[in-house]
Amino acid sequence: MKNSPKISDAEWRIMQVLWNQHPATFSEIIEGLNENCDWSPKTVHTLISRLVKKGAIDVIKEKKNYQYLPAVTEDEMMNLETESFINKIYQGSVNLFVSNFLKKQKLSKDEISELKKILDENMK
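Residues numbered from 1 in each chain as written. Predicted model: local features only at pLDDT ≥ 70, side-chain atom pairs only at ≥ 80, totals over all residues. Heavy atoms only, no water.

**Student:** Just checking my understanding: could you explain the overall build of the chain for this structure?
**Tutor:** The helix and strand tally for the chain stands at six helices and three strands. Put simply, the chain runs from its N terminus to its C terminus through helices and strands in the order α-β-α-α-β-β-α-α-α. Across its three principal directions, the C-alpha atoms of the chain cover 55 × 30 × 25 Å. Counting the 124 residues in the chain, one finds 26% classified as buried. The contacts in the chain between residues at least 6 apart in sequence include a share of 56% that link residues at least 24 apart. As presented, the chain carries roughly 9300 Å² of accessible surface, and 50% of it is formed by carbon and sulfur atoms. In the chain, 18 side chains carry a positive charge and 18 a negative one; their mean positions are 5 Å apart. (Helix = DSSP H or I, 4+ residues; strand = E, 2+ residues; numbered from the N terminus. Buried < 20%, exposed > 50% of the residue type's maximum accessible area, 1.4 Å probe, protein only. Contact = heavy atoms within 4.5 Å. Areas by Shrake-Rupley, 256 points an atom, 1.4 Å probe, with all protein chains shown as cover. Lys, Arg positive; Asp, Glu negative; His and termini not counted. Charge placed at Lys NZ, Arg CZ, Asp CG, Glu CD.)

**Student:** Please clarify how the packing of helix α4 (residues 74-90) against helix α5 (residues 94-104) should be interpreted in this entry.
**Tutor:** Packed helix pairs are characterised by how far apart their axes lie and by the angle those axes make with each other. With their axes 9 Å apart at the nearest point, α4 and α5 run at an angle of 90° to one another. Classed by the angle they form, the pair α4 and α5 counts as roughly perpendicular. Side by side, α4 and α5 meet where F85, I86 and Y90 of the first sit next to V94, L96, F97 and N100 of the second. A class-by-class count of the residues in the contact of α4 with α5 yields six nonpolar, one polar and no charged. (Axes fitted to C-alpha atoms, helices over the stretch in contact; angles between N-to-C directions. Parallel < 35°, antiparallel > 145°, perpendicular 65-115°, else oblique. Nonpolar A, V, L, I, M, F, W, Y, C, P; charged D, E, K, R; others polar.)

Take a look at the structure:
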């Protein structure tokens, strides 16, 4: 994985809009956010600017319009966030994380079967 930027929870919401629809104009990003939040356009602009500076978003300039698109994939960011969380909370121990998670969750038979399948694939 390339050096993916660390992003805040608020920036994550902007990225989710772009992962679902890209490229997108500023207005389209605001429209995508409207269902979930009541941020002012200035706040959205600030968040977009930060994401551009961090290298998470690329900008395409077309005449008077700017179009934004993700420079990192959702999968890259999920992996980075997961790794960061496990390092911070579980001192990097995936085993401790998984065992703690499984002790606290009620899993269906299908979910258990899927986990077994993933484990079997990783043992190859």
